[in-house]
Amino acid sequence: MSDPKSIVFVVDDDPLVRDSVADLLDLAGFTVRTFGSATNFLQSGHPDLPACLILDVELPGLSGLDLQVELTKSGVDMPIVFLTGRGDIPMSVRAMKRGAVEFLTKPFRKQELLEAVEEALLRDRESRNRRAETAELEKRLRTLTPRERQVLALVVTGLLNKQIAGELGTTEETIKVHRGRVMSKMAAGSLAELVQMAGKLKISP
Amino acid sequence: MDLQSGDVAEEIKRLQRCINDLVSLFTLSAMWSGGPPTQIVDTLLDALLRMLQLDLVYVRLTNSGGQAPIEIVRFSRSQAQTAQEQTGQPKETGETLKRWLGTDPQKWPPLIRNPLGGRDISIMPLRLGLQGEIGDIVAGSERADFPQQTERLILSVAANQASTGLQGARLLSEQKRVASELDRRVAQRTRELAKANEELRLQVGLLQHIPVAAWTLAPDGKPDFVNQNWLEYTGQALDYVRSEPEAWMTATHPEDRETVSRSFWGGVRSGQGFTFEARFRRVHDGAWRWHLNRAVALRDAAGEILRFVGTSTDIDDLKQSQDDLRRAEERTRLVVETALDAVVTMNSQGLITSWNKQAEIIFGWSPEEALGRKMSETIIPMHYRPSHENGLRHFLNTGQGPVLNQRIEITALRRDGTEFPVELTVTPLKSGDGWTFSSFVRDISERKRAEEKLRESELNLRQMTETIPEMLWSATPNGSIDYCNARVLDYTGLSRQKIQGAGWMKMIHPDDAENAARAWTHSVESGGAFYFEFRGLRASDGKYRWCVSRALPLRSPDGDILKWHGTVVDFHDRRQAQEDLRNAQAELAHVNRVMTMGELTASIAHEVNQPLASIIASGDSCSAWLSNEPPNLDRARAAAGRIIQAATQASEIVQRLRALFKKTTSMTISVDVNGAIEDTISLVRHEAQRNEVILRTELEPGVPSVSGDRVQLQQVILNLAMNGIESVAQLDYEPRRVMIRSTRSDSGEVLVTVEDTGPGIDAEHSDRLFAPFFTTKPQGIGMGLPICRSIIEAHGGRLWAAKNEPRGARFHFILPARTE
């Protein structure tokens, strides 16, 4: 399939399972790439697309859960759908707590798998969007002068211009000017919007 | 005779004549004094001839000098024609007379033939001197009446007078001779004396200049001259020295004075001179120094002593060095005497010239017995004598001595004839024209004995190391192998030469070689014990087998490493067995895990879920591909294939699981029950200790083996043991014990019992004990006992439970013995 919109990675040491799952996903219209071990998966690069990972827990060498930890450590945010032949409760709880999308036991139903993949890809898209958005905001933030940053931090706490001026030791007029610049540089249409932005950027006074 | 008047007048005339002749004779004698004897004789003879008108007169004078007698003869004119004849041929006359008359004139006959011819003459011999010592006169006349009385008288008187005269003449001449002799002698003596005096003067002059103290003594010992040297040395003045014979003695040491005096006077009085040593005071520093004083007598031609001439020479330094030499010699002698080696010296003839105390002790000859004897006949054993003699001769001839100046081991002979081993060094020294050979001999019998003992013990040790049925080796402190016993060579197939040094590396597997070398180097450098497991090449089959080598260092008392001693043990089989055991244990542990609930279900579930997932997913996709527009038959077929594969997988799993519980055994071998029990115990011991449970075994030796699967049987024992430990672990009273017994039953079967001191089996549960899924344990699945029973029954045995007295449970199982 050319120009895929997303990609699904399947990691399972059992070739039959690997191929079956890949086949299923392919049928459903997903772009699939398969790996026989966690290491293989880590070593391969992957394109910058919305992606998710179908991951067998019982893998030789680096187990599925270990891979989850590894990915989190290296800051990879890829959503994971776990598959397991075992399925004991503590294992599944751990996986879910660590941010897995779903924990399926074999044999699974086709529908279960497809829904989980959809969910995962959605999540990934959303987080990618979020990331992009944050990146944009950060870009805008970088254009602010230090003074403007200070003003921004205080504005989003709800202080009046007069109060801000007092805080910073300057005039209300100056603050008004700064505020205007901040609003335009950040492209915020309203105070509420600015506050939202500040929250996303995790700005505090 | 008859007297007549005419005769009387004749007689008177004759007598007067006689008296006149006598007076003449007396007168003659007066003339004779002072004249030589010959003059006397001549005069006498002439007078007699005339007076008596003799025809012959012969005189023979003895010569005092022992020469031939002087013979003078006178003949009358009538007898002799010429004067010459008158005096001629006295000797012949004498001879003639003698011939006729014999040698003794007194025995001559009165009448003899005339020597000059003519008629016979009458002779009258007369002695000159009382005993005829002066000579003889022989008067002869042709007259028949010769000699008449008066003639006799005259002749006698003449003879006497002549004797007297001659004696006087002799005496005079003697006196003259003596006087002239005396004169000659005196002259000579005077010459000699003058010469001697001259010489003496010269000598004295010399004495003054010679660089020693010199002096002369008069024959009575009184010094009459001392030279400048003496005076300066002693500080004495010449007058003082000459004042008294013993004045100079004040320069001698008080302690020596007596000796000095004795030697001095003894030499002087005997005229033999003297030689003595004494201490004299050197005036300029007051030091007492030893001097040698010698004097000889200077004699004249008659042997009389003219003077004593002598010298005093300072020999103090010489004496000192002599003393030093003496002391050194004494020390040497002492050393030689007390040396632990026998010191024997021998001269060029091979005779013993010195023999110290140790020689006496070692050889048994006293010095008196040894000195002067041939060395070859005393201390050299018979069989060495020829080479000794030859060697000595060779050395004296050529100066070469191959055995000299080095330590050689040889045997020597004791006095009692025993031979014993010695260490010998012979050193030759030139002394004068000959050689002295110093021999240093050490009795090494003890050492030899010790060496022999050591050799023996070494031999023993070598025998031991060679026959011990283990591989032994040793190495030098630097890690180089220097010995290995025959076992090593047999095992590795390497030769002794190949193994030495670092050759042993050849027997080690290449993968282990580097580590082996490192470990060995570490031990060698640090001195720590060596331990290394490796694969070694066994020559007999060319296979690598697991071996372990250990080595420890042998240290000297100071802690230095002298040697490394090590062993190599082929423990391949044991290791294999260890590994097998580990594997079995792992498997058993695994199986045990599998026996617990969670693990078992998880195992089964996991195993089966894999293929199931593939089947369901592939089933879905297969039908999906077929429903596609257009249908994708390839993909559908592929999916279907996956289904079949997965399903096959699943069935295999089921089969395996079944096999685990099947009644027929999978592996039938001969199992040693006691061994199986002990192996199991080692697994649960830790568990028992952790729970503070006493685990005991009472295994009857000689319990027969059974046919079966060792792992499964161990499973059973393990299960029963674990059950026992778990039940006892909860107790809070003693005893907390699990006991496993094995015995041989009466019917020859093997009975194993596992009993515990736990709470025991509740009566109401006893019938459901072996039912599946029955358990009183919160975590249990209740599969243990049923499975155990199943295994035992599959082995043809029985498993049942009973009560333990006074408390607890007993689980028994019985198995038939293996039949060959």
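Residues numbered from 1 in each chain as written. Chains lettered and ligands numbered in written order. Predicted model: local features only at pLDDT ≥ 70, side-chain atom pairs only at ≥ 80, totals over all residues. Heavy atoms only, no water.

Trainee: Before we go on, may I ask you to explain the overall build of chain A in this structure?
Mentor: Counting its regular elements, chain A contains nine helices and five strands. Scored against the burial criterion, the 205 residues of chain A give a buried share of 44%. Once local pairs closer than 6 in sequence are excluded, the contacts in chain A between residues at least 24 apart make up 62%. Looking at chain A as shown, the accessible area adds up to about 10,500 Å², and 51% of this sits on carbon and sulfur atoms. (Helix = DSSP H or I, 4+ residues; strand = E, 2+ residues; numbered from the N terminus. Buried < 20%, exposed > 50% of the residue type's maximum accessible area, 1.4 Å probe, protein only. Contact = heavy atoms within 4.5 Å. Areas by Shrake-Rupley, 256 points an atom, 1.4 Å probe, with all protein chains shown as cover.)

Trainee: Sorry, what's going on with the overall build of chain B here?
Mentor: The number of helices and strands found in chain B is 23 helices and 27 strands. Within chain B, buried positions represent 39% of all 820 residues. Residue pairs in contact within chain B that sit at least 24 positions apart in sequence constitute 49% of those at least 6 positions apart. If you sum the accessible surface of chain B, you get close to 46,200 Å²; carbon and sulfur atoms cover 53% of it.

Trainee: Looking at this structure, I do not really get the nonpolar core. What am I missing?
Mentor: The tendency in soluble globular proteins is for nonpolar side chains to be buried side by side. Residue and element names in this part refer to chain B. Counting residues in each nonpolar core, the largest one holds 39 residues, and the members touching the most others are Ile-677, Leu-720, Ile-740 and Phe-813. Only helix H21 (673-690), strand E22 (694-699), helix H22 (710-729), strand E24 (737-744), strand E25 (750-756), helix H23 (784-794) and strand E27 (809-815) provide two or more residues apiece to this core. By residue number, the principal contributor to this core is H22, which donates nine residues. (Core = buried A, V, L, I, M, F, W, Y, C linked by side-chain atoms within 4.5 Å.)

Trainee: I would appreciate a short explanation of the packing of aromatic side chains in the present structure.
Mentor: The geometry of two aromatic rings is summed up by the distance between their centres and the angle between their planes. Residues and elements named next belong to chain B. In total, this model carries 20 aromatic pairs over all chains according to the counting rule given. On the basis of an interplanar angle of 55° and a centroid distance of 6.0 Å, the ring pair of Phe-363 and Phe-420 is categorised as tilted. Of this pair, Phe-363 sits in helix H10 (residues 357-363) while Phe-420 sits in strand E14 (residues 419-431), placing them 57 residues apart in sequence. Here Phe-363 falls in the buried class, since its relative accessible area comes to 2%. By relative accessible area, which is 3% here, Phe-420 ends up buried. By the ring-pair criterion, three or more aromatic residues cluster together here, those being Trp-215, Trp-230, Trp-248, Phe-264, Trp-265, Phe-274, Phe-276 and Phe-280. Above the ring of Trp-290, the side-chain terminus of Lys-319 is found at 4.7 Å from the ring centroid. (Phe/Tyr/Trp six-rings, centres within 6.5 Å; stacked < 30°, edge-to-face > 60°. Lys NZ or Arg CZ within 6 Å of the ring centre and 35° of its normal.)

Trainee: I would appreciate a short explanation of the interface of chain B and chain A in the present structure.
Mentor: Each side of the interface is counted separately: chain B has 21 residues, and chain A has 17 residues. The junction of chain B with chain A conceals about 1,800 Å² of combined surface from both sides, 57% of it contributed by carbon and sulfur atoms. On the chain B side of the interface with chain A, the three residues burying the most area are B:His606, B:Gln610 and B:Arg642, jointly 29% of the side's total. Linking chain B to chain A there are four salt bridges. At the boundary of chain B and chain A, one finds eleven residue pairs in polar contact (both at pLDDT 80 or more). Those elements that place two or more of their residues in the side of chain B that touches chain A are helix H19 (597-627) and helix H20 (633-661) of chain B. A total of 15 residues in the side of chain B that touches chain A trace back to one element, the largest contributor, which is H19(B). The residue makeup of the side of chain B that touches chain A, split by class, is ten nonpolar, eight polar and three charged. (Buried area = accessible area lost by both parts, 1.4 Å probe. Salt bridge = Lys/Arg side-chain N within 4 Å of Asp/Glu carboxyl O. Polar contact = N/O pair within 3.5 Å; in protein donor to acceptor, adjacent residues only side chain to side chain. Nonpolar A, V, L, I, M, F, W, Y, C, P; charged D, E, K, R; others polar.)

Trainee: Looking at this structure, I do not really get the pairing of strand E7 (residues 223-226) of chain B. What am I missing?
Mentor: Remember that side chains alternate between the two faces of the sheet whenever the strand is regular. Residue and element names in this part refer to chain B. For strand E6 (residues 213-217) and E7, the ladder comprises three bridges, and the chain directions are antiparallel. Paired with Leu-217 across the two strands is Pro-223, which belongs to E7. Hairpin connection, E6 to E7: the antiparallel pair is bridged by five residues, and Gly-221 has positive phi, about 95°. (Pairing = 2+ DSSP bridges.)

Trainee: Is there a simple way to explain empty space enclosed by the protein in this structure?
Mentor: Gaps left between atoms are located by rolling a probe of water-molecule size over the structure's atoms. All names here are of chain B. This structure, assessed with the given rule, holds five cavities of 30 Å³ or more. Going through the elements one at a time, strand E17 (481-484), helix H17 (510-526) and strand E18 (530-538) are the ones with two or more residues in the lining of the largest cavity. The biggest single contributor to the lining of the largest cavity is E18, with three residues. Here the lining of the largest cavity is composed, by residue class, of 14 nonpolar, one polar and no charged. Around the second largest cavity, the lining residues are Trp-215, Leu-217, Pro-223, Val-226, Trp-230, Val-241, Trp-248, Phe-264, Phe-274, Phe-276, Asn-293 and Ser-312. Mapped onto the lining of the second largest cavity, the elements with two or more residues apiece are E6, E7 and strand E8 (274-282). Each residue belonging to the lining of the second largest cavity can be placed in one class, and the counts come to ten nonpolar, two polar and no charged. (1 Å grid on protein atoms, 1.4 Å probe; cavity = no way out; pocket = protein on both sides within 12 Å on 5 of 7 lines; lining within 4 Å. Points joined across faces, edges and corners; volume = space filled by probe spheres on them.)

Trainee: How do you make sense of the pairing of strand E19 (residues 543-555) of chain B when you look at a structure like this?
Mentor: Residues and elements named next belong to chain B. Direction of pairing for E18 relative to E19: antiparallel, over a ladder of nine bridges. Bridged to Phe-530 within E19 is Ala-551. Two successive antiparallel strands, E18 and E19, enclose a turn made up of four residues, where Gly-542 displays a positive phi of approximately 70°. Summarising the sheet, E19 and strand E20 (residues 561-570) pair through nine bridges and their orientation is antiparallel. What sits directly across from Ala-551, in E20, is Gly-566. Linking two consecutive strands that pair antiparallel, namely E19 and E20, is a turn of five residues; a positive phi of about 100° is found at Gly-559 within it.

Trainee: Teacher, can you tell me more about the sheet that holds strand E9 (residues 287-299) of chain B here?
Mentor: What holds strands together in a sheet is hydrogen bonding between their backbones, with the strands either parallel or antiparallel. All names here are of chain B. Pairing is antiparallel across the open sheet formed by five strands, whose spatial order is E7-E6-E10-E9-E8. Each edge of the sheet is formed by a strand with only one pairing partner; in this case those strands are E7 and E8. Here the strands of the sheet are splayed against their neighbours by 25° on average, with no regard to which way each runs. As judged from the nine bridges shared by E9 and strand E10 (residues 305-314), these two strands associate in the antiparallel manner. Note on E10: the bridge partner recorded for Leu-298 is Arg-307. Sheet contacts for helix H8 (residues 257-270): E6, E8 and E10; angle to E8, the most-contacted strand, approximately 140°. (Axes fitted to C-alpha atoms, helices over the stretch in contact; angles between N-to-C directions.)

Trainee: Honestly, the pattern of salt bridges in this entry has me stumped. Any pointers?
Mentor: If the charged atoms of two oppositely charged side chains come close together, the side chains can form a pair. Residue and element names in this part refer to chain B. Counted according to the given criterion, the structure contains 54 salt bridges over all chains. Here Glu-698 ties to Arg-741 by a salt bridge, and the two come within 2.9 Å at their closest N and O atoms. Separated by 43 residues along the polypeptide, Glu-698 in strand E22 and Arg-741 in strand E24 bring together distant segments of the chain. Overall, the relative accessible area of 41% leaves Glu-698 in the partly exposed class. Note on Arg-741: relative accessible area 26%, which makes it partly exposed. Salt bridges linked by common partners bring Glu-409, Glu-423, Arg-447, Lys-448 and Glu-451 together as one network.

Trainee: Any chance you could explain the confidence of the model for chain B here in plain terms?
Mentor: When pLDDT is low, close inspection of the predicted coordinates is not appropriate. Residues at a pLDDT of 70 or more form 88% of chain B, whose mean pLDDT is 82. Both confidence scores are given for the complex: pTM 0.34, ipTM 0.72. (pLDDT = per-residue confidence, 0-100.)

Trainee: Would you mind going over the environment of B:Phe571 with me for this structure?
Mentor: Residues and elements named next belong to chain B. Along the chain, Phe-571 turns up in the loop between E20 and helix H18 (572-595). Phe-571 sits in the buried class, given a relative accessible area of 6%. Distance from Phe-571 to Arg-545, taken between C-alpha atoms, is 7.9 Å for residues 26 residues apart in sequence. Leave out the neighbours within four places in its chain, and Phe-571 touches Glu-533, Trp-546, Cys-547 and Val-548.

Trainee: Even after reading the chapter, I still don't get unusual backbone geometry, so can you show me in this structure?
Mentor: For residues other than glycine, phi is negative in most cases, and the peptide bonds are mostly trans. A cis amide bond links B:Glu734 with the next residue in sequence, B:Pro735, at an omega value of -10°. Locating B:Pro735 in the fold gives a position in the loop between H22 and E24. Residue B:Pro806 is reached from B:Glu805 by a cis peptide bond, and omega for that bond is -5°. The residue B:Pro806 is located in the loop between strand E26 (798-803) and E27 in this model. Despite not being glycine, A:Ala187 shows a phi value in the positive range, around 60°. Within the secondary structure, A:Ala187 is located in the loop between helix H8 (172-186) and helix H9 (191-201). One non-glycine residue with positive phi stands out, namely B:Glu692, at about 55°. Here B:Glu692 is to be found in the loop between H21 and E22. Residue class for B:Glu692 comes out exposed when judged on its relative accessible area of 63%.

Trainee: Even after reading the chapter, I still don't get the environment of B:Arg279, so can you show me in this structure?
Mentor: Residues and elements named next belong to chain B. Among the structural elements, Arg-279 can be located in strand E8. Residue classification places Arg-279 among the buried residues on the basis of a relative accessible area of 18%. Separated by 13 residues in sequence, Arg-279 and Leu-292 have C-alpha atoms that sit 8.8 Å apart. In this structure Arg-279 touches Ala-251, Thr-252, His-253, Glu-255, Asp-256, Trp-288, Arg-289 and Trp-290, once residues within four positions along its chain are discounted.

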